[in-house]
Amino acid sequence: MTPIFISTISIYYLGLLGILINRLHFLSILLCLELLLISLFLSMTIWALNTGTNLFVANNLILLTLSACEASAGLSLMVALSRTHNSDLVIALNILQQ
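Reference entry: report on the structure contained in this document.

About the cut-offs
- Residues numbered from 1 in each chain as written.
- Predicted model: local features only at pLDDT ≥ 70, side-chain atom pairs only at ≥ 80, totals over all residues.
- Heavy atoms only, no water.
- Helix = DSSP H or I, 4+ residues; strand = E, 2+ residues; numbered from the N terminus.
- Rg over C-alpha atoms; globule rule 2.2 N^0.38 Å.
- Contact = heavy atoms within 4.5 Å.
- Areas by Shrake-Rupley, 256 points an atom, 1.4 Å probe, with all protein chains shown as cover.
- Polar contact = N/O pair within 3.5 Å; in protein donor to acceptor, adjacent residues only side chain to side chain.

Side note on the overall build of the chain
- Looking only at helices and strands, the chain features three helices and zero strands.
- In the chain, the order of α-helices and β-strands from amino to carboxyl end is α-α-α.
- The globule rule puts the C-alpha radius of gyration for 98 residues at 13 Å, and the 17 Å found for the chain is more than 25% above it.
- Each principal axis of the C-alpha distribution contributes one length, and for the chain these read about 55 × 25 × 20 Å.
- Considering only contacts within the chain whose residues lie at least 6 apart along the sequence, 56% involve residues at least 24 apart.
- Of the roughly 6900 Å² that the chain leaves accessible, carbon and sulfur atoms contribute 74%.

Thoughts on the side chain of glutamate 34
- In this fold, glutamate 34 is placed in helix 2 (residues 26–51).
- A distance of 3.3 Å separates a polar atom in the side chain of glutamate 34 from a polar atom in the side chain of serine 67.
- In this structure glutamate 34 touches Ser67, Glu70 and Ala71, once residues within four positions along its chain are discounted.

Okay, here's the thing in structure tokens:
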């Protein structure tokens, strides 16, 4: 295993750890999700470069497009939640009780 691949795996686990530990604000959860997607994109790119095939280039572009869509949907959810609940705290979201 190359050191770059090990660093992408550690970035992925750092994003998972960030989601599990830092669940106070909705924006921090979204940032950790973006970190997960970026590490997945980097590992797929490195894997495509190591194998020497061009088949995975389309998969990387699709993953990058889905990451941008996820970011815009997450930010719109955060704006809607902050307007309705007056904060971005995850604890303040009692959606099932309403």
